[in-house]
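# Observations on the model geometry
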Amino acid sequence: MKLGDVLILSLSLALIIIGIHQTMTVGIGFSYAIFMFAVALLFWFQYRRTKREEAEKNNSKPEKKRKR
C-alpha cells in the first residue's frame with residue numbers, strides 16, 4: 001500500500017469518527033456531509049487500489065506472439 005492510499009484511508013477513518021461524534025452531540029443532519037465525504041474518500045481509495053492491481057496484472061502477464 002502506497003503512502004497516498006494510507007493517507008486517504010486514515011483520513012476517511014478520522015472523518016467517520018468525527019461524524020459519529022457529531023451525530024451523538026448535534027444529530028445526523030449536521031454530520032451527514034462529513035459521512036458523505038468519508039464515503040467519497042473510501043470510493044477513491046478503492047478506485048486507486050483497483051487501478052494499481054490492474055496495472056500490475058497487465059505488466060506481469062507476458063505477451064503472446066501471434067502466428068501468421
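The paragraphs below set out a description of the structure included in this document. The shown structure was predicted, so the numbers you read here are calculated from the model rather than taken from an experiment. (Residues numbered from 1 in each chain as written. Predicted model: local features only at pLDDT ≥ 70, side-chain atom pairs only at ≥ 80, totals over all residues. Heavy atoms only, no water.)

### Some thoughts on the overall build of the chain
Check the secondary structure of the chain and you find two helices and zero strands. In the chain, 55% of the contacts between residues at least 6 apart in sequence involve partners at least 24 apart. Per element, the accessible surface of the chain, about 6,000 Å² overall, is 64% carbon and sulfur. (Helix = DSSP H or I, 4+ residues; strand = E, 2+ residues; numbered from the N terminus. Contact = heavy atoms within 4.5 Å. Areas by Shrake-Rupley, 256 points an atom, 1.4 Å probe, with all protein chains shown as cover.)

### Some points on a nonpolar patch on the surface
On the surface, M1, L3, V6, L7, L9 and L42 cluster together into a nonpolar patch covering about 580 Å² of accessible area. Among the elements that take part in the nonpolar patch, helix 1 (residues 3-25) stands out by supplying four residues, more than any other. Positionally, M1 belongs in the segment before helix 1. The exposed category is assigned to M1, whose relative accessible area is 68%. (Patch = residues over 30% accessible without salt bridge, like charges linked within 9 Å, V, L, I, M, F, W, Y side chains within 5 Å. Salt bridge = Lys/Arg side-chain N within 4 Å of Asp/Glu carboxyl O. Buried < 20%, exposed > 50% of the residue type's maximum accessible area, 1.4 Å probe, protein only.)

### Some words on the side chain of D5
One can find D5 in helix 1. Under the relative-accessibility criterion, D5 is labelled buried at 0%. In terms of polar contacts, D5 uses its side chain to reach the side chain of R52, at 2.6 Å. Residues in contact with D5, not counting those within four places in the same chain, are F45, R48 and R52. (Polar contact = N/O pair within 3.5 Å; in protein donor to acceptor, adjacent residues only side chain to side chain.)

### A few points about helix 1
Taking 1.5 Å per residue as the helical rise, helix 1 with its 23 residues ought to reach 33 Å, and the 33 Å between its terminal C-alpha atoms agrees with that figure. By the burial criterion, the buried members of helix 1 are D5, I8, S12, L15 and G19. Looking at the buried side of helix 1, the elements it contacts are helix 2 (28-60). Backbone geometry just after helix 1 places G27 at a positive phi near 115 degrees. (Expected span 1.5 Å × (residues − 1).)

### Quick notes on the packing of aromatic side chains
Scanning the model with the defined rule gives zero aromatic pairs in all. Its guanidinium or amino end placed over the ring of W44, R48 lies 5.8 Å from that ring's centre, counting from NZ or CZ. (Phe/Tyr/Trp six-rings, centres within 6.5 Å; stacked < 30°, edge-to-face > 60°. Lys NZ or Arg CZ within 6 Å of the ring centre and 35° of its normal.)

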